[in-house]
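# Chain and residue survey
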Amino acid sequence: MSTAATPRPRSQRTWGGPVTFGRVLRSEWIKTATVPSTVILLAVSFAVMIGLGALVAWGLVQLAGEPESGPPQGIGQSLQSAAYDVPASGLPFGQLLIASLAVVLIGSEYTTGMIRSTMVAVPTRVPALLAKTVVIAVISFLLGVLSAFVTYLLAQPILAGSDLDFGLDAEWVLPSILNTGTVLALIAVMGVAIGALLRSTAGGVVTLVGALFVLPIIAGLLTGLADWVEDAARFLPSSAAAQLVATQIQPDAFNQVEGGLILAGWAAVLLAAAVVVLRKRDV
């Protein structure tokens, strides 16, 4: 009498493993890098920042041909010192796009409900936020440094026509190029934090853009009304960012290090607030 053979259970393969920060980081990188709109926006930012820098260089050359026009900005500022600022001259536009992109990367997850899947995969929540922050900050830093360096290379032949070209060893030029990336990275951190706090793409973009571009205008209009307004305006994110890439430090102004510390303080406070809220609030 034959006995029917009982099939052996197949060994089950265990997929995945513990949720480590490295795995979460890789996941966030994939989510960021595979979205076509993100890649297009970064490419546009890179191209426009370089284009603005070349345009500023061309404008300085035109001014050099008309000495009676005077320096382009600031009393007593020479055309040569103004030329040192050319590599970082596209930074305001870069800030606008990076701020918007950073908010959208996390705000869109709340809008679509994808944030629930993210938090189910990463129950402790905080690593997901930090990983997203690291990814966009690193991308923004590389974008800023590369665009500023390419702008520098592109501007030299233009500036050479009026003997305004300069080397990377010129005072504060190389730190300014590197800090162009630092500014964009810190702005990206602020964008992710604000997006997590408000859980709204539109609200986050409006808030961050208002803080970067509208508040300085309001402060400028109110400067004559009270002395403290001018002092407070020095601590705004936009003012700190400008000092972080400045190659000419005006009297009583913050230097690059001080500007960097102020901007980093804004980013750190907002990110800490986002971490606290994320841990306490339902998604």
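In this report, we go over the structure that sits alongside the text. Since the structure is predicted, the reported quantities are computational estimates derived from the model, not experimental observations.

Bringing unusual backbone geometry into the picture now. Unlike most non-glycine residues, R125 shows phi in positive territory, near 70°. With respect to the secondary-structure elements, R125 resides in the loop between α5 (114-121) and α6 (126-160). The exposure class of R125 is buried, given its relative accessible area of 17%.

Considering the arrangement of structural elements, one finds L270 in helix α11 (residues 256-280). Each C-alpha atom, one on L270 and one on V192, is 9.0 Å from the other, the two residues being 78 residues apart in sequence. Not counting residues up to four positions away in its chain, the partners in contact with L270 are M190, A193, I194 and L197.

Let's shift gears to a nonpolar patch on the surface. A surface patch of nonpolar side chains, amounting to about 680 Å² of accessible area, comprises V214, L215, I217, I218, L221, L222 and L225. If you trace the backbone, V214 turns up in helix α8 (residues 201-222).

Here the focus is α5. Given 3.6 residues to a turn, an α-helix orients residues that are three or four positions apart in the same direction. Along α5, the positions that sit buried rather than exposed are I115, T118 and M119. For α5, the arc enclosing every buried residue in end-on projection is 95°, short of the 170-degree limit, so these residues lie on one face. Away from its buried face by more than 90 degrees, α5 exposes R116, S117 and V120.

What follows covers the nonpolar core. Nonpolar side chains in soluble globular proteins tend to end up buried together. One finds L129, I136, V183, I187, M190, L208 and L263 to be the most contacted residues of the largest nonpolar core, which totals 54 residues. Among the secondary structure elements, those contributing two or more residues to this core are α2 (36-64), α4 (91-112), α5, α6, α7 (173-198), α8, α10 (237-244) and α11. If one sorts the elements of this core by residue count, α7 sits on top with 12 residues. Core analysis: the second largest hydrophobic core is formed by 17 residues, V61, V86, A148 and A155 among them.

One pass over the structure, following the stated rule, counts four salt bridges. Linking E28 and K31 is a salt bridge whose minimum nitrogen-to-oxygen distance equals 3.1 Å. With E28 and K31 both in helix α1 (residues 21-33), this residue pair falls three residues apart, about one helical turn. Accessibility expressed as a relative area gives 2% for E28, which makes it buried. In this structure, the salt-bridge partner of E109 is K31, at a minimum N-O distance of 3.0 Å. Here K31 lies in helix α1 and E109 lies in helix α4, a separation of 78 residues in the sequence.

Our focus in this paragraph is the packing of aromatic side chains. In this description, a pair of aromatic rings is defined by centroid distance and the angle of the planes. Counted under the stated rule, the structure contains four aromatic pairs. When the ring of F149 is compared with that of Y152, the centres are 6.4 Å apart and the planes differ by 25°; the resulting orientation is stacked. Here Y152 and F149 lie together in helix α6, a separation of three residues that amounts to about one turn. Each ring, one from F235 and one from F254, has its centre 5.2 Å from the other, and the planes form 70°; the classification is edge-to-face. Of this pair, F235 sits in the loop between α9 (227-233) and α10 while F254 is found in the loop between α10 and α11, placing the two residues 19 residues apart along the sequence. A residue is classified by how much of its surface remains accessible, and F235, at 41% relative accessible area, is partly exposed.

Conventions and cut-offs
Residues numbered from 1 in each chain as written. Predicted model: local features only at pLDDT ≥ 70, side-chain atom pairs only at ≥ 80, totals over all residues. Heavy atoms only, no water. Helix = DSSP H or I, 4+ residues; strand = E, 2+ residues; numbered from the N terminus. Buried < 20%, exposed > 50% of the residue type's maximum accessible area, 1.4 Å probe, protein only. Contact = heavy atoms within 4.5 Å. Patch = residues over 30% accessible without salt bridge, like charges linked within 9 Å, V, L, I, M, F, W, Y side chains within 5 Å. Areas by Shrake-Rupley, 256 points an atom, 1.4 Å probe, with all protein chains shown as cover. Salt bridge = Lys/Arg side-chain N within 4 Å of Asp/Glu carboxyl O. Arc of directions from axis to C-beta. Core = buried A, V, L, I, M, F, W, Y, C linked by side-chain atoms within 4.5 Å. Phe/Tyr/Trp six-rings, centres within 6.5 Å; stacked < 30°, edge-to-face > 60°.

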